[in-house]
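Architecture at a glance
Given next are the chains, with one letter for each unit.
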Amino acid sequence: MLQGLGIGQQEEAVYVELLRRRRATAADLGSAAQLPCERVTAALTRLAELGLVTGDESGLYNAVPPDVGLGTLVVQHQSTLQLVQRRLSELVDVYRTGAASTMSEVEALTTPEELATWVDNIERGAKHELLAFFRPPYVLDGDLEVTTDVPSYRYVYERAALDDPRTPAEIGRFLDGGYQIRIVNELPSKMIIMDRTIVLLPMLPDQAGIEPGFLLVRGQSLVRLLVDLFERVWQLATPLRLSAANLVEGGPAWDDFDIKLLTYLLSGMPDKSAAGKLGTSERTVQRRIKRLMELSGTDSRMQLAWYAARSGLIAP
């Protein structure tokens, strides 16, 4: 629990025991924590260096109250983190303006090591969402790990990917982990998007290996264009779900109810009137509109109606 402050598990156990007793010898603490005396002594030495315990010539150790001792450590670590963050910003500026990054908006990755490093950085660095297109042939080997560190995972698989016997199990793990998975007959390219700020994609749509390379895109306009491409494909893709035995394709992303609702929305009809025409409640209408906004990546009802009309789902 306290490892982020440089305190190991055994040191934490000794500190907790000392907090319970306020004062104790190394032998007493070793007996209570079920640790050898030499390890307890080493832990107490480290805790004293951190300002969490004090000792006297009689061999008794006193616990420094946690709001004082640990509070001081927290402040010190926060100050260190702020310095690191400032240094990080400086290093990012150096990288962006350096000779090695003259094409800062689009960078070529030409070795397996570069590609693997950036894939790992993108997966670990995401804070809000990861979007991805998966289509064979795959360049990097190894199963993808399921994590729940990011609020939103949305993956689209090309149908041909299901020919790989490993893919259904992989998708099953993702679905169990709360990922949203959809499938389409054909994808335009492989692609990974992190937090709508970085995109990784191959130079050629049907690329089977690392050559001629992959593109790391960070330019705002290009990233926005590729995010829009993902959202258009996502909207028209078919959701996958798990049955008791295997993967099952769900209904279309936009069902008849959604199309009618959006038509009423585009005409300016109030929610209550739309609910009456659809034979449902006003709350259900509002919930479905919210869901459609999430699916389409839009922030307002006007954007949603415009998106649906532009996609050809309803007549403008």
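Residues numbered from 1 in each chain as written. Predicted model: local features only at pLDDT ≥ 70, side-chain atom pairs only at ≥ 80, totals over all residues. Heavy atoms only, no water.

1. Topic: the sheet that holds strand S3 (residues 60-63)
Taking strand neighbours across the sheet as the criterion, the three strands line up as S1-S3-S2 in an open arrangement whose pairing is antiparallel. Strand pairing shows two members of the sheet lacking a second neighbour, strand S1 (23-25) and strand S2 (53-55), which therefore form its edges. Across the sheet, the mean angle from the axis of one strand to that of its neighbour is 30°, orientation sign disregarded. As judged from the three bridges shared by S2 and S3, these two strands associate in the antiparallel manner. What sits directly across from Gly-55, in S3, is Tyr-61. Running over the sheet, helix H2 (residues 26-33) touches S1 and S3 and is turned about 90° from S1. (Pairing = 2+ DSSP bridges. Helix = DSSP H or I, 4+ residues; strand = E, 2+ residues; numbered from the N terminus. Axes fitted to C-alpha atoms, helices over the stretch in contact; angles between N-to-C directions. Contact = heavy atoms within 4.5 Å.)

2. Describing the confidence of the model for the chain
Per-residue confidence for the chain gives a mean pLDDT of 76; residues scoring 70 or more make up 76%. In the model of the chain, strand S12 (residues 247-249) stands out as the element of lowest mean pLDDT, 57, in contrast to strand S8 (residues 191-194), which has the highest, 92. (pLDDT = per-residue confidence, 0-100.)

3. As for unusual backbone geometry
Phi angles above zero are rare outside glycine, and Asp-195 is one such case at about 50°. By the secondary structure assignment, Asp-195 is in the loop between S8 and strand S9 (198-202). Notably, Arg-196 is not glycine yet its phi reads approximately 55°, a positive angle. Mapped onto the elements, Arg-196 comes out in the loop between S8 and S9.

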